[in-house]
Amino acid sequence: MAVMEREHESQGGAESGTHTHRDINGGWLRPAVFGAMDGLVSNLGLVAGVAGSGASNRVIVISGLAGLVAGAFSMAAGEYTSVASQRELVQAELDVERSELRRHPEDELKELAAVYEARGVDAELAAEVARQLHKDPEQALETHAREELGVDPQDLPSPTTAAVSSFLSFSVGAVLPVLPYLLGATSLWYAVVLALSGLFACGAMVARVTARQWWFSGLRQLALGAGAAAVTYGLGAAFGVALG
C-alpha cells in the first residue's frame, strides 16, 4: 500500500499539519526484505555446513550456487501461490458482497448504517451517510469491503510483484556468502563477515516496517544468522568426521 498522507487544517487559517503512515500491507517491501534475509541465513548455513565438513572450495561454491538457485525459485513460487490464494479469496468475497448489494440493497444499506452507529455516529446521520455511499454501486462495494472485510479492492497485493521481489532479493542475499569464494577467498570467515553484515543491514531495514530501533533489528538478525551458521558448521564438522 502506498504511504498515505493526511493533512489537517485548523480553523482560522492556522498552519496545517501532515503525517504519514508506514507501509503496513507489505507490497513489495516485505517479500524483498524477508527474501534477502532468507537467502542470507539459508545459504550462510549451507556454506558453513559444507565448509565445516572439510569440503574443497569448489564443492562449497557449487553447493552455495545450487542453494541460491533452488531457494530463489522456491521463495518465488511460495510467495506467488500465497499472495495469489489470498487475492482469489478476497475476490470471491467481493463477488459475494457485490451479489448481496444487487439482490438485497436495503438490507445492505441498513447493515452499513448499523456499522457507523456502532462506532458512535447518530442513527439519523449514519443512515444518511450509508444512503449517500450507496448511490454509486462501486463506491458502495468498496465501502462494504473496507468495513466488513478490512480490504481495499483497489489495492490488492500483486502475486507477480511478490514473486519477483522474493526471487531477486533471495538471490542477492544468497550470493553474499558465496561471493568471497568466487573472488578467490579460501577462508569461511570472509563469507561469515560479509553475510552477517548483510543480515545486520536487512534487520535495520525491517525497522521501517516494524518501527523498532534500527540497531535492535539489525543485531537481532545478526545473532540469528550467526546462530544458524554456528549450528550448521558444527553439524557439518560432525558429519565430516563421521563419514570421513
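Parameters and conventions
Residues numbered from 1 in each chain as written. Predicted model: local features only at pLDDT ≥ 70, side-chain atom pairs only at ≥ 80, totals over all residues. Heavy atoms only, no water. Core = buried A, V, L, I, M, F, W, Y, C linked by side-chain atoms within 4.5 Å. Buried < 20%, exposed > 50% of the residue type's maximum accessible area, 1.4 Å probe, protein only. Helix = DSSP H or I, 4+ residues; strand = E, 2+ residues; numbered from the N terminus. Contact = heavy atoms within 4.5 Å. pLDDT = per-residue confidence, 0-100. Axes fitted to C-alpha atoms, helices over the stretch in contact; angles between N-to-C directions. Parallel < 35°, antiparallel > 145°, perpendicular 65-115°, else oblique. Left-handed = near helix turned anticlockwise from the far one by under 90°. Nonpolar A, V, L, I, M, F, W, Y, C, P; charged D, E, K, R; others polar. Arc of directions from axis to C-beta. Polar contact = N/O pair within 3.5 Å; in protein donor to acceptor, adjacent residues only side chain to side chain.

### Quick notes on the nonpolar core
- Ranked by internal contacts, the top residues of the largest apolar core, which has 24 residues, are M37, L40, L44, V47, I60, Y181 and L188.
- Mapped by element, the contributors of at least two residues to this core are α1 (29-52), α2 (57-103) and α8 (188-210).
- Beyond its immediate sequence surroundings of up to four residues, M37 is in contact with L199, C202, G203, V206 and Q221.

### Quick look at the confidence of the model for the protein chain
- Of all residues in the protein chain, 87% attain a pLDDT of 70 or more, and the chain-wide mean is 86.
- Taken element by element, the predicted model of the protein chain shows its lowest mean pLDDT in strand β1 (residues 5-8) (39) and its highest in helix α7 (residues 179-182) (96).

### As for the packing of helix α3 (residues 105-118) against helix α4 (residues 123-133)
- Here α3 crosses α4 at 135°, and the two axes come no closer than 8 Å. Overall, the two elements α3 and α4 adopt an arrangement that is oblique. The handedness of the crossing between α3 and α4 is right-handed. Residues L109, L112, A113, Y116 and E117 of α3 form the contact with α4, whose participating residues are A123, A126, A127, V129, A130, R131 and L133.
- Across the contact of α3 with α4, the residue classes break down as 10 nonpolar, no polar and 2 charged.

### With respect to the environment of E124
- Here E124 is to be found in helix α4.
- Distance in space between the C-alpha atoms of E124 and A113 is 8.9 Å, their sequence separation being 11 residues.

### Remarks on α4
- Regarding α4, the residues found buried are A126, A130 and L133. Viewed end-on, α4 has its buried residues packed into an arc of 65°, placing them on one side of the element.
- Contact partners of the buried residues in α4: α3 and α5 (137-149).
- Residue D122 occupies the N-cap position of α4, its side-chain oxygen lying 3.1 Å from the main-chain nitrogen of E124.

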